[in-house]
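Tertiary structure, described
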Amino acid sequence: MVSTEIKDTLAASASICTILQFLAGVLVCRKYIKNGTTGDSSSLAFVTCYMACSLWLRYGLLIGDTFIVIVNIFGIISQVCYVIIFIIYNVKKSVTLKQFIAATCFLAVVYFYVAHETDKDIATKYIGLISCSVTILFFASPLVMLVHVLRVKNTDSLPFPVILSSLIVSCQWFVYGCLINDRFIQTPNFMGCILSAFQLSLFYCFPSKSIIDQTHLI
C-alpha cells in the first residue's frame, strides 16, 4: 500500500513539471515572433493540448483531485495564449481559428453532457475515455509533420522543447496513475512515453539544420 505522502509528492512533482512543459511553449512562440512567421509548424499541438487540459480539468473535478484541477487551469490559460500567438503569425490564420472554434464547440458539448448526467460514475467514465483519446492525440500531434521531416531530412519544424517535456511529464503521470490505480491516467501517459520517445529519436536521425551549420562553422 503506497502512502498518501508518496502519492502527493509525486503528484506535486508531476504538476510542477507539467507547468514547466506548458511554459516550454513560450520558447516555441518566441521563435515564431522572432522569425515573424510560424513557418511549416502546425497549431494542432496547441489546440489538442487546450482540449486535453479542459477535459482533464473536468475529470479532476469529478474525482476530486486538486493537483489535476490546478495544473490544468494553468494549462488552459497558457494554451489559449499560444493559439492566439500562432494565429497572429500564421499565414493560414483561418485554419487555426477553425480548429480552435471546433475544439471549443466540442468541449461545450462534453461539458453540457457531464452537467446533465445524473450518474457521476458514468460521467467520470466517459470524460475519462474522451480525455485519454485527446491526450494521445496531443502526444501524437507533432507526427503530422513526419512526412515533411522525412522529405527535408531535418527536424526544424518539430517543437523539441514541447516533445522533450512531454516525455518527462508523461512518465511521471504514468507512475502516478499506477499508484492511484487510475487507468484513465495510466493509458494516455504510457502512450505519451512511447510517442514522445519516438519523436525525440527523429532529432537524432535528422538533426536540425541550424545545429549542422554551427558544427560546420566550428
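Each chain has its residues counted from 1, running along the sequence as written. This being a predicted model, a pLDDT of at least 70 is required before a residue's local features are given, and a value of 80 or more before pairs of side-chain atoms are given or counted; all residues contribute to the totals for chains, interfaces and linings. Side-chain metrics rest on all non-hydrogen atoms present in the structure, leaving aside hydrogens and water.

**Some words on the overall build of the protein chain**
- Numbering of helices and strands runs from the N terminus, with a helix taken as a DSSP run of H or I at least four residues long and a strand as a DSSP run of E at least two residues long. When its secondary structure is counted, the protein chain shows 9 helices and 0 strands.
- Along the protein chain, helices and strands appear, N-terminal first, in the series α-α-α-α-α-α-α-α-α.
- Here the C-alpha radius of gyration of the protein chain, 18 Å, is about what a compact globule of 218 residues would show, namely 17 Å.
- The buried label goes to any residue with under 20% of its type's maximum accessible area, the exposed label to any with over 50%, and the partly exposed label to all in between, with areas taken from a 1.4 Å probe on protein chains only. Per-residue burial for the protein chain yields a buried fraction of 45% across its 218 residues.
- The contacts of the protein chain with a sequence gap of at least 6 include a subset with a gap of at least 24, amounting to 77%. Note that the radius of gyration is over C-alpha atoms, with the globule rule given as 2.2 Å times the number of residues to the power 0.38. Residue contacts follow a heavy-atom distance rule, with two residues in contact if any of their heavy atoms lie within 4.5 Å.

**Some points on the side chain of T96**
- Along the chain, the position of T96 falls in helix 4 (residues 93-116).
- On the basis of relative accessibility, which here comes to 1%, the residue T96 falls in the buried class.
- The definition of a polar contact used here is a pair of N or O atoms within 3.5 Å, where within protein one atom must be able to donate a hydrogen and the other to accept one, and adjacent residues in sequence count solely through side-chain atom pairs. Of note is the side chain of T96, whose polar atom sits 3.1 Å from the side chain of N90.

**As for the layout of surface pockets**
- Size it by volume and the second largest pocket reaches roughly 240 Å³.
- Grid points spaced at 1 Å and placed over the protein atoms alone form the basis of the search, with a cavity being a set where a 1.4 Å probe fits but cannot get out and a pocket an open set showing protein on both sides within 12 Å along at least five of seven lines. Lining residues have an atom within 4 Å of a point. Along its surface, the second largest pocket is lined by 15 residues, and G39, D40, S41, N90 and K92 are the ones closest to its centre.
- Here the lining of the second largest pocket takes 3 residues from helix 4, the largest share from any one element.
- Under the convention adopted here, Pro, Cys and the residues Ala, Val, Leu, Ile, Met, Phe, Trp and Tyr are nonpolar, Asp, Glu, Lys and Arg are charged, and Gly plus all remaining residues are polar. Residue composition of the lining of the second largest pocket, grouped by class: 4 nonpolar, 9 polar and 2 charged. Grid points are joined across faces, edges and corners, and a volume is the space filled by probe spheres set on the points.

**A look at the confidence of the model for the protein chain**
- In this model, the protein chain carries a mean pLDDT of 84, and residues with pLDDT of at least 70 account for 91%.
- Within the protein chain, helix 3 (residues 66-89) carries the highest mean pLDDT (94), whereas helix 9 (residues 209-217) carries the lowest (46).
- Scored below 50 in pLDDT, residues 214-218 makes 0 contacts in the model with residues more than four places away or belonging to other chains. Each residue carries a pLDDT value, the predictor's own confidence for that position, ranging from 0 to 100.

**Regarding the nonpolar core**
- In this description, a nonpolar core means a group of buried Ala, Val, Leu, Ile, Met, Phe, Trp, Tyr and Cys residues linked to one another through side-chain atoms lying within 4.5 Å. Judged by nonpolar contacts, the single largest core of 45 residues is most densely connected at F46, Y50, W56, I127 and W173.
- Elements represented by at least two residues in this core include exactly helix 1 (4-35), helix 2 (44-63), helix 3, helix 4, helix 5 (120-140), helix 7 (160-179) and helix 8 (183-205).
- With 12 residues, the top contributor of residues to this core is helix 2.
- Residues contacting W173, with those up to four places away along its chain left out, are A11, A14, S15, T18, I68, V71, I185 and N189.

**Observations regarding empty space enclosed by the protein**
- Evaluation of the coordinates by the stated rule reveals 3 cavities of 30 Å³ or more.
- Estimated volume of the largest cavity: approximately 290 Å³.
- Every residue lining the largest cavity is counted, 17 residues in all, and those nearest its centre are W56, N72, T135, W173 and N189.
- Contributing elements (two or more residues each) for the lining of the largest cavity: helix 1, helix 2, helix 3, helix 5, helix 7 and helix 8.
- Classifying every residue of the lining of the largest cavity gives 12 nonpolar, 5 polar and no charged.
- Within this model, the second largest cavity holds a volume of roughly 70 Å³.
- If you go around the second largest cavity, the residues you meet are Q21, F22, G25, A45, F46, C49, Q79, Y82, F138 and V162.
- Of all elements in the fold, only helix 1, helix 2 and helix 3 reach the threshold of two or more residues within the lining of the second largest cavity.

**Considerations on a nonpolar patch on the surface**
- The patches described consist of residues with a relative accessible area above 30% and no salt bridge, like charges being joined within 9 Å and nonpolar side chains (Val, Leu, Ile, Met, Phe, Trp, Tyr) within 5 Å. Each accessible area is a Shrake-Rupley result for a 1.4 Å probe, and residues are judged covered by the shown protein chains and nothing else. Salt bridge criterion: a side-chain nitrogen from Lys or Arg within 4 Å of a carboxyl oxygen from Asp or Glu. On the surface, I16, L20, L23, V26 and F74 cluster together into a nonpolar patch covering about 430 Å² of accessible area.
- Among the elements that line the nonpolar patch, the one with the most residues is helix 1, at 4 residues.
- Mapping L20 onto the fold places it in helix 1.
- Residue L20 is classed as exposed on the basis of its relative accessible area of 52%.

**Quick notes on helix 2**
- Take the residue count of a helix, subtract one, and multiply by 1.5 Å to get its expected span. For helix 2, spanning 20 residues, the distance from its first C-alpha to its last is 28 Å, which sits close to the expected 28 Å at 1.5 Å a residue.
- Positive phi appears at G64, one or two residues downstream of helix 2, with a value of about 70°.

**Digging into the UniProt feature "transmembrane region" (unreviewed entry) in the protein chain**
- UniProt positions are given in the numbering used here, feature names are shortened, and annotations may be inferred rather than shown by experiment. The sites that carry the UniProt feature "transmembrane region" (unreviewed entry) are, in the present numbering, residues 12-29, 41-61, 67-89, 96-114, 126-146 and 158-176.
- With 100% helix and 0% strand, residues 12-29 has its two end C-alpha atoms placed 27 Å apart.
- Along residues 96-114, the helical share is 100% and the strand share 0%, with 27 Å between the first and last C-alpha atoms.

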